[in-house]
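Spelled out, the chains give:
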Amino acid sequence: MAAHTALGYLLAVGVSDAARGQSIGPALAGIALWVVCLNGGTLALNSAFDRDEGDIGYLKSPPPVPAHLAAFAFVLLAAGLALATRLPRGFLAAYAICLVLSLLYSVPPLRLKAVAGADWLINMWGFGTLTPYAGFAVTGVTPEPFQRMVLFAFCPLFAALYPLTQIYQFEEDRQRGDRTLALILGIRRSLLIAVAAASFAYGVFFAAGLRAGWRMHGTDLVRWAGLVFSLLVWARVLVPWLLSCETMTDAEHQRGMYRGLAAWAVTDIVVILAWAT
């Protein structure tokens, strides 16, 4: 979360100016509020109502939910919103939107994480695009058209990643009565959606390169090659998974999810190198 938020900051000011400390104070404050208050509060709120007992990715045996966890989450979210009023309006707006999305996603009776499609839309916009946008907006810089395209491309890219985080949890979601998008679609169609969404995301990345004026020589050629490399990383994750999905175990699906997270990290790095250096 911190890295993906920082991507927006680096996209706004560039790596060299970031190294000289440009807008570093607001950036650090914004990243802290986004990661600790917004993301931390969202995770706490989600845990308070989910009460997971099985493997949820980074916690193979989740501890019992502490008393008053939901109240703590609300305080954390509200404190972050109050502090965000001291930062540029674009950041405040992104924080407020994501706070509302967090409540809609986690809190009954709506609890949209259990509604197929709604869970997907909230995450693809909230984490995919609004998170790096917040890092960008905290600098007060207005994004150029190609930068808006780069930020938007992470929306369909997270649309590709999100179903991958659910496939190995089908049984627990069924027991809880959650009708997630991946559960409704099934494994194969979820992976087909992931392939299509990742392909669309990279179409936008390539279009952003054209809009930024990249040519086919020199440094720009290296930028194009970086995008192609990161696209191939995604293909290496998704295509074998799609071909073997019917015979894979839950543990193998979970390993696929971690490979998807690694592919996401590769994309973040390539985008920084391509548009912020």
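To keep things clear, this report deals only with the structure shown in the data block. This one's a predicted model, so the numbers in the text were calculated from it and none came from an experiment.

Quick notes on the packing of helix H6 (residues 118–137) against helix H7 (residues 145–164)
When two helices pack together, their arrangement is given by the angle between the helix axes and the distance between those axes.
Okay, so step 1: Taken N-terminus to C-terminus, the directions of H6 and H7 make an angle of 145°; their axes are 8 Å apart at the nearest point. The way H6 lies across H7 gives a crossing that is right-handed. In this structure, H6 contributes Asp 119, Trp 120, Asn 123, Met 124, Trp 125, Phe 127, Gly 128, Thr 129, Pro 132, Tyr 133 and Phe 136 to the contact, and H7 contributes Gln 147, Leu 151, Phe 152, Phe 154, Cys 155, Phe 158, Ala 159, Tyr 162 and Pro 163.
Okay, so step 2: Here the residues of the contact of H6 with H7 sort into 15 nonpolar, four polar and one charged.

What to know about the nonpolar core
Within soluble globular proteins, side chains that are nonpolar tend to cluster in buried spots.
Okay, so step 1: Counting 85 residues, the largest nonpolar core has Phe 91, Leu 157, Phe 205 and Trp 275 as the members making the most contacts within it.
Okay, so step 2: No other element matches the 13 residues that H7 contributes to this core.
Okay, so step 3: If we skip the residues at most four places from it in the chain, Phe 205 touches Val 150, Ala 153, Phe 154, Leu 157, Leu 227, Thr 267, Val 271 and Trp 275.

Looking at the packing of helix H1 (residues 2–13) against H6
Okay, so step 1: In the contact formed by H1 and H6, the axes pass within 6 Å of each other and the chain directions differ by 50°. Classified by the angle their axes make, H1 and H6 are oblique. Where H1 crosses over H6, the handedness of that crossing is right-handed. On H6, the residues touching His 4, Thr 5, Leu 7, Gly 8, Tyr 9, Leu 11 and Ala 12 of H1 are Phe 127, Gly 128, Thr 131, Pro 132, Gly 135 and Phe 136.

Describing the state of the cysteines
Okay, so step 1: Following the criterion strictly, the structure yields zero disulfides and no others.
Okay, so step 2: Left without a disulfide partner, Cys 98 is nearest to the cysteine sulfur of Cys 155, which lies 12 Å away.
Okay, so step 3: Residue classification places Cys 98 among the buried positions, given a relative accessible area of 7%.
Okay, so step 4: Here Cys 155 falls in the buried class, since its relative accessible area comes to 2%.

Some points on the pattern of salt bridges
Pairs may arise between side chains of opposite charge once their charged atoms sit close together.
Okay, so step 1: Tallying each qualifying case throughout the model produces three salt bridges.
Okay, so step 2: The closest approach of N and O atoms between Glu 246 and Arg 188, which form a salt bridge, is 3.4 Å. Taken as a pair, Glu 246 in the loop between helix H11 (218–244) and helix H12 (250–275) and Arg 188 in helix H10 (residues 187–211) lie far apart in primary sequence, 58 residues in all.
Okay, so step 3: Of the residues examined, Glu 246 reaches a relative accessible area of 58% and is grouped as exposed.
Okay, so step 4: Given the relative accessible area of 36%, Arg 188 is considered partly exposed.

Remarks on the side chain of Thr 139
Okay, so step 1: Residue position: Thr 139 is located in the loop between H6 and H7.
Okay, so step 2: Given the relative accessible area of 13%, Thr 139 is considered buried.
Okay, so step 3: At a separation of 2.6 Å, a polar atom in the side chain of Thr 139 contacts the main-chain carbonyl oxygen of Phe 136.
Okay, so step 4: Discounting residues that sit within four places of it in the chain, Thr 139 has contacts with Tyr 9, Ala 12, Val 13 and Ser 23.

Cut-offs used in this document
Residue numbers restart at each chain and count upward from 1, following the sequence in its written direction. Reporting of local features is limited, given that this is a predicted model, to residues whose pLDDT is at least 70; pairs of side-chain atoms are given and counted only at 80 or more, and all residues count toward the totals for whole chains, interfaces and linings. With hydrogens and water set aside, each side-chain value is computed from the structure's full complement of heavy atoms. Helix axes are fitted to C-alpha atoms over the stretch in contact, other axes to C-alpha atoms as well, and angles between N-to-C directions run from 0 to 180 degrees. Helical segments are the DSSP runs of H or I of at least four residues, strand segments are the runs of E of at least two, and each set is numbered from the N terminus. Should the near helix be turned anticlockwise from the far one by less than a right angle, the crossing is left-handed, and should it be turned clockwise, the crossing is right-handed. We call two residues contacting when some pair of their heavy atoms lies within 4.5 Å. Gly counts as polar in this scheme, as do all residues outside two lists: the nonpolar Ala, Val, Leu, Ile, Met, Phe, Trp, Tyr, Cys and Pro, and the charged Asp, Glu, Lys and Arg. In these notes, a set of buried Ala, Val, Leu, Ile, Met, Phe, Trp, Tyr and Cys residues joined through side-chain atoms within 4.5 Å is what counts as a nonpolar core. Each residue is assigned to one of three classes by its accessible area relative to the maximum for its type, calculated with a 1.4 Å probe on protein chains only: buried under 20%, partly exposed between the two thresholds, exposed over 50%. An angle below 35 degrees is treated as roughly parallel, one above 145 as roughly antiparallel, one from 65 to 115 as roughly perpendicular, and anything else as oblique. Two cysteine sulfur atoms form a disulfide, by the criterion used here, when they sit within 2.5 Å. A side-chain nitrogen of Lys or Arg and a carboxyl oxygen of Asp or Glu constitute a salt bridge if their distance falls within 4 Å. What qualifies as a polar contact is a pair of N or O atoms within 3.5 Å, subject to a donor-acceptor requirement within protein and to the restriction that residues adjacent in sequence count only when both atoms come from side chains.

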